[in-house]
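Listed below, chain by chain, are the residues.
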Amino acid sequence: LTYKDPFQVPMGKRAQADRARKSFSRDGEFSDHMVLLRAFRGWQCAPDQKDFCWRNFLSHSTLKMIHDMKFQLAGMLCHAGLLSSNSPADPSSNIYSTNDRLVSAILTAGLYPRVAKVTCMRRKPMIKTEKHKRCSFHPASIAADKNEFPTQFAIYNNMTKLATGNTIFDATFVTPFSLLFFGGQVALEKVKGEKDKVVTIDNWIQFNAPETTAQQVLELRHQLDNVLWQLYQESHQFASSGASP
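Remember, it's a predicted structure, so these values are computed and weren't measured experimentally.

1. Focus on the sheet that holds strand E5 (residues 159-162)
For step 1, the next point in the chain: Taken together, 3 strands build an open sheet; the order of strands is E3-E6-E5 and the sheet is mixed. Looking along the sheet, the strands with just one partner apiece sit at the ends: strand E3 (136-137) and E5.
For step 2, the next point in the chain: Where E3 and strand E6 (residues 165-168) come together, 2 bridges link them in parallel fashion. Counterpart to Phe-137 in the pairing with E6 is Ile-168.

Below is the structure:
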């Protein structure tokens, strides 16, 4: 995601390029990152990769670079003991790769705290982030021409400045549970005169919930953090020992 966008927009072909990008999306899905993933997978499987890029307005050199970075990352994870193979194509490394909800949750963990919230829906959605009171989706984003979304929250990687203001270039809408379990610091607040509790994430994202549910969420988050911390410690010890997976 830190590398440049593989989709290209030749001069005078904006509409065709946008249609090509959106052809990789699914009905009811709101994720620019999943669009990029499907385009990359399509390129990998194409008999003629350069022709695939030409037809879908993609950069072959950019996709090749992403492919090489993917192998480097797999090697690092294997060295850390988190994967059993240094090949990203190994089946053991892809058990959950087709689980889009899990992939979205992992994106949340990787991109947090870049979170946008849909605050109002009229003719155009009103979007805000922790630092920006008002922004919009970039015209190239899958979410740009929508006014109804599956959730109130989206994570993003890039924000750009246009003449119209701050725009989110790439977004994936995620569930509240993705933010609660893979986001920032979670805490409980009591609302005076109310039975429900307010579950907050880093003091700006808020969810109302019955006290029992709120306590369960906090306990599950605590347990998940412990599991991830233990996994990190074990992988660190594994890498330090120089053992082979």
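2. Some remarks on the sheet that holds strand E10 (residues 205-209)
For step 1, the next point in the chain: Strand order across the open sheet formed by 3 strands is E8-E9-E10, with antiparallel pairing between neighbours. Each end of this open sheet is capped by a strand with a single partner; those strands are strand E8 (186-190) and E10. Between one strand axis and the next, the sheet turns by 30 degrees as a mean value, whatever way the strands run.
For step 2, the next point in the chain: Pairing of strand E9 (residues 197-201) with E10, which is carried by 5 bridges, proceeds in the antiparallel orientation. Bridged to Val-199 within E10 is Phe-207.

3. Let's talk about the packing of helix H2 (residues 32-45) against helix H5 (residues 100-111)
For step 1, the next point in the chain: At a minimum axis distance of 11 Å, the contact between H2 and H5 shows a crossing angle of 115 degrees. In this structure, H2 meets H5 at a crossing whose hand is right-handed. On H5, the residues that touch His-33, Met-34 and Arg-38 of H2 are Asp-100, Val-103, Leu-107 and Leu-111.
For step 2, the next point in the chain: Of the residues in the contact of H2 with H5, the class split is 4 nonpolar, 1 polar and 2 charged.

4. So, the nonpolar core
For step 1, the next point in the chain: Counting 21 residues, the largest nonpolar core has Tyr-112, Val-115, Phe-153, Ile-155, Leu-179, Ile-201 and Ile-205 as the members making the most contacts within it.
For step 2, the next point in the chain: Counting only elements with at least two residues in this core, the list comes to H5, strand E4 (153-156), helix H6 (176-182), E9, E10 and helix H7 (211-241).
For step 3, the next point in the chain: In this structure Val-115 touches Lys-128, Thr-129, Glu-130, Phe-153, Ala-154, Ile-155, Tyr-156, Leu-179, Trp-204 and Ile-205, once residues within four positions along its chain are discounted.
For step 4, the next point in the chain: Of all hydrophobic cores here, the second largest spans 13 residues; its members include Phe-137, Phe-149, Ala-154 and Tyr-156.

5. Focus on unusual backbone geometry
For step 1, the next point in the chain: The omega torsion of the bond from Tyr-112 to Pro-113 falls at 15 degrees, within 30 degrees of zero and hence cis.
For step 2, the next point in the chain: Despite not being glycine, Asp-202 shows a phi value in the positive range, around 55 degrees.
For step 3, the next point in the chain: When you line up the elements, Asp-202 lands in the loop between E9 and E10.
For step 4, the next point in the chain: Positive phi, close to 65 degrees, is recorded for Asn-203, a residue that is not glycine.
For step 5, the next point in the chain: Here Asn-203 lies in the loop between E9 and E10.
For step 6, the next point in the chain: Here Asn-203 falls in the exposed class, since its relative accessible area comes to 63%.

Analysis parameters
Within every chain, residues take consecutive numbers counted from 1 along the sequence as written. The model is predicted, so local features are restricted to residues of pLDDT at least 70 and side-chain atom pairs to those at 80 or more, both for listing and for counting; the totals for chains, interfaces and linings are taken over all residues. By convention in this description, side-chain values take in all heavy atoms of the structure and omit both hydrogens and water. The rule for pairing is simple: two strands pair if DSSP sees at least two bridges between them. The numbering of helices and of strands both runs from the N terminus, where a helix is a DSSP run of H or I of at least 4 residues and a strand a run of E of at least 2. Geometry is summarised by axes, namely lines fitted to C-alpha atoms with helices restricted to the contacting stretch, and by angles between N-to-C directions that run from 0 to 180 degrees. By definition, any crossing whose near helix is turned counterclockwise from its far helix by less than a right angle is left-handed, and any crossing with a clockwise turn is right-handed. Here a residue-residue contact requires only that any non-hydrogen atoms of the pair lie within 4.5 Å. Each residue receives one of three labels: charged for Asp, Glu, Lys and Arg, nonpolar for Ala, Val, Leu, Ile, Met, Phe, Trp, Tyr, Cys and Pro, and polar for the others, Gly being one of them. The definition of a nonpolar core used throughout is a set of buried Ala, Val, Leu, Ile, Met, Phe, Trp, Tyr and Cys residues joined through side-chain atoms within 4.5 Å. Note on exposure labels: buried denotes an accessible area under 20% of the residue type's maximum, exposed denotes more than 50%, and partly exposed covers the range between, all computed with a 1.4 Å probe on protein chains only.

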